[in-house]
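In case you want the letters, here they are:
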Amino acid sequence: MSELVTGEAVALELRPARLPSRALAVLLDLVVAVAVYIAVTLALVAATASLDEAARTALSIAAFVLLLVGGPIAVETLSHGRSLGKMACGLRVVRDDGGPIRFRHALVRGLIGVIEILMTFGVVACIASLVSERGRRLGDVFAGTLVVRERIPVARAGVVPPPPPWLAGRFSELDLSAVPDDLWLAIRQYLTRMQQLDPQVGHAMAQRLAADLAARTGTPAPHGVPAGPYLAAVVQERQAREARRAFGNGPARNEAAPPAAYAPPYAGQPASPAPPAMPPAPVAPPPGGQVAGAGPVEAPPQDGQPFERRPSTGFVPPA
C-alpha cells in the first residue's frame, strides 16, 4: 500500500498497480493504436498512389511516429494520466507525490516506452515491473511517475481535512515552487493519519513539518495559527492551484469564507477561535424626527422657507 493523493487531492492510500492490470491496460491501448494506425495507413496508401516509393515510406514512418508514439503521449497529457486502457482497468498515472502528470512526464514515459514495450515486445517493461517494489517500469523511473489503482472502497479512502474557514485564501500569494514533492507527500500523509497518532507525537510532527514548509517557502507561519491548520491551509492552496492548472484557469485566489466557529480535529492542538464578530451597524434615526436625548436637528424646509434650527425636545410629532 502506498499512501498517495491525486492531483485533485481527494483520495489517499491509492494502491500501486501491479503487472497483470498494467499489462492488460497496455494491451488495450496497443490494440486501439494499431487499429487506428492500420486505418490511417490504408487511407494514406489510397491517397498517395501517385507518389514515389520514398514519399510513401516517409509518410508511413510519420504516421507510425505520430500514432504509436505521439498518440499515447497526447492522450496521457490531456487526460491527466488516464488512457483508454487505464480507464477500462481503473488505473491512472500520477507523479511520485501523487499529483497529476504533465507533458514532460508523458513524453519521457512515451519515448522510453518505445524501447521497453514496442521494440522488445514488453519484455524489458515486464522485468522492470517485477523487480520494482511499486511495479514501475523504466519509463516511470525516469519520468518520476507511478501507475496507481483508482478504484478503492470509499471507506478505505483517507481525506485531507479542510482548514479552518478563516484561513481559506490566506496563503494565495505564497510561493510554493521551492517545496519538494517528498515534503508535500509527508504533509498529506500526516493530515490523513493525525487521528491515529498520539497527541504529543502528532503535535511534534506537525511542528516539524510546518517549520520545514516555512523554510522552503521563505515565509514564516502566521503567529497564533497552529501547525496543523497551517499545513492544511497551505495544502488546500496548492490543490487549488493544481486544479486550476490542470482543468483551466479559475479565480486567481480563493474567496475567504465567512468567519465561523471551528474546532479542528488536529491531534494535540487546541481549537482555533474564530475571529471576533463585527459590531452591528448603527440604526439611522427615523426621517423627520429624532430619538430622545439627541442634539439639535435640521428641520426640512417647508413651502420654500429656509432651514430652521430647532432645539431637541425628545418628542417626535406624528406624521
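Everything below is about the structure shown above.
This one's a predicted model, so the numbers in the text were calculated from it and none came from an experiment. (Residues numbered from 1 in each chain as written. Predicted model: local features only at pLDDT ≥ 70, side-chain atom pairs only at ≥ 80, totals over all residues. Heavy atoms only, no water.)

Chemist: Mind laying out the overall build of the protein chain, listing which residues take part and the relevant values?
Modeler: From N to C terminus, the protein chain includes nine helices and five strands. Reading the protein chain from its N end, one meets helices and strands in the order β-α-α-α-β-α-α-α-β-α-α-α-β-β. The burial tally for the protein chain puts 38% of its 319 residues in the buried class. Of the roughly 18,200 Å² of accessible surface on the protein chain, a fraction of 66% belongs to carbon and sulfur atoms. (Helix = DSSP H or I, 4+ residues; strand = E, 2+ residues; numbered from the N terminus. Buried < 20%, exposed > 50% of the residue type's maximum accessible area, 1.4 Å probe, protein only. Areas by Shrake-Rupley, 256 points an atom, 1.4 Å probe, with all protein chains shown as cover.)

Chemist: So what's going on with helix α5 (residues 123–131)? Residues and values would help.
Modeler: Looking only at α5, the buried set comprises Ala125, Ala128 and Ser129. All buried residues of α5 lie within an arc of 100 degrees about the axis, which places them on one face of the element. Opposite the buried face of α5, at more than 90 degrees from it, the exposed residues are Leu130 and Val131. Looking at the packing, one finds that the buried side of α5 touches α1 (19–47), α4 (103–119) and α6 (138–143). (Arc of directions from axis to C-beta. Contact = heavy atoms within 4.5 Å.)

Chemist: Mind laying out the layout of surface pockets, listing which residues take part and the relevant values?
Modeler: Taken as a whole, the largest pocket holds about 750 Å³ of empty space. In terms of lining residues, the largest pocket is bounded by 37 residues, among which Val26, Asp29, Leu30, Pro72 and Ile117 are the most central. When contributions to the lining of the largest pocket are tallied by element, the ones reaching two or more residues are α1, α2 (53–78), α3 (84–89), α4 and α5. When residues of the lining of the largest pocket are assigned to their parent elements, the largest contribution, 11 residues, is made by α1. (1 Å grid on protein atoms, 1.4 Å probe; cavity = no way out; pocket = protein on both sides within 12 Å on 5 of 7 lines; lining within 4 Å. Points joined across faces, edges and corners; volume = space filled by probe spheres on them.)

Chemist: An account of the packing of helix α8 (residues 199–217) against helix α9 (residues 227–247) is requested, with residue identities and associated values reported.
Modeler: Between α8 and α9, the least distance of the axes is 9 Å, while the angle of their chain directions is 45 degrees. When the axis of α8 is compared with that of α9, the two are oblique. As α8 packs across α9, the resulting crossing turns out to be left-handed. From α8, Ala206, Gln207, Leu209, Ala210, Leu213, Ala214 and Thr217 reach across to α9, where they touch Ala227, Gly228, Tyr230, Leu231 and Val234. The residue inventory of the contact of α8 with α9, partitioned by class, reads nine nonpolar, three polar and no charged. (Axes fitted to C-alpha atoms, helices over the stretch in contact; angles between N-to-C directions. Parallel < 35°, antiparallel > 145°, perpendicular 65-115°, else oblique. Left-handed = near helix turned anticlockwise from the far one by under 90°. Nonpolar A, V, L, I, M, F, W, Y, C, P; charged D, E, K, R; others polar.)

Chemist: For the pattern of salt bridges, give the residues involved together with the corresponding values.
Modeler: Scanning the entire structure with this criterion turns up 14 salt bridges. The partner of Glu76 in a salt bridge is Lys86, with the nearest N and O atoms 3.4 Å apart. Here Glu76, found in helix α2, pairs with Lys86, found in helix α3; they are 10 residues apart in sequence, far enough to count as distant. Of the charged contacts, one joins Arg136 and Asp96 as a salt bridge, the two residues approaching to 2.9 Å between their closest N and O atoms. Of this pair, Arg136 sits in the loop between α5 and α6 while Asp96 sits in the loop between β2 (91–95) and α4; the two residues are 40 residues apart in sequence, bridging distant segments of the chain. The class for Asp96 is partly exposed, based on a relative accessible area of 27%. (Salt bridge = Lys/Arg side-chain N within 4 Å of Asp/Glu carboxyl O.)

Chemist: Which residues make up the pairing of β2, and what values do they have?
Modeler: A large share of β2 lies buried, amounting to five of its five residues. Neither face of β2 is open: one carries Leu91, Val93 and Arg95, the other Arg92 and Val94, and all of them are buried. As paired elements, β2 and strand β3 (residues 145–149) share five bridges and run antiparallel to each other. Bridge pairing links Val94 to Leu146 in β3. (Pairing = 2+ DSSP bridges.)

Chemist: Can you explain the environment of Cys126? Please cite residues and give values.
Modeler: With respect to the secondary-structure elements, Cys126 resides in helix α5. Separated by 103 residues in sequence, Cys126 and Ala23 have C-alpha atoms that sit 8.3 Å apart.

Chemist: I'd like a rundown of the pairing of β3, residues and numbers included.
Modeler: Here β3 lies mainly inside the structure; four of its five residues are buried. The pairing of strand β1 (residues 15–16) with β3 spans two bridges and is classified as antiparallel. Considered in β3, the bridge of Pro16 is made with Val148.

Chemist: Give me the lowdown on the nonpolar core, citing residues and values where you can.
Modeler: Among the nonpolar cores identified, the biggest contains 26 residues, and Trp184, Ile187, Leu191, Leu213, Tyr230, Leu231 and Val234 are the most heavily contacted of them. It is α9 that provides the largest number of residues to this core, a total of seven residues. Non-local contacts of Leu231, meaning those with residues more than four positions away in its chain, are made with Ile187, Tyr190, Leu191, Ala206, Leu209, Ala210 and Leu213. The next biggest cluster of nonpolar side chains, apart from the first, holds 11 residues, and it includes Ala17, Cys89, Ala106 and Val147. (Core = buried A, V, L, I, M, F, W, Y, C linked by side-chain atoms within 4.5 Å.)

Chemist: Before we move on, could you go through the side chain of Arg238 and cite the residues and values that matter?
Modeler: Tracing the sequence through the fold places Arg238 in helix α9. The class for Arg238 is buried, based on a relative accessible area of 8%.

Chemist: Can you lay out the packing of helix α7 (residues 181–193) against α9 for me, pointing to particular residues and giving the numbers?
Modeler: For any two helices packed against each other, the geometry comes down to the angle between their axes and how far apart the axes lie. The contact between α7 and α9 brings their axes to 10 Å, and the two run at 120 degrees. Here α7 lies oblique to α9, going by the angle between them. Pair α7 / α9 crosses with left-handed handedness. Counting all contacts with α7, which are made through Asp181, Trp184, Ile187, Arg188, Tyr190 and Leu191, the residues of α9 involved are Gly228, Leu231, Ala232, Val234, Val235, Arg238 and Gln239. Looking at the contact of α7 with α9, its residues break down into eight nonpolar, two polar and three charged.

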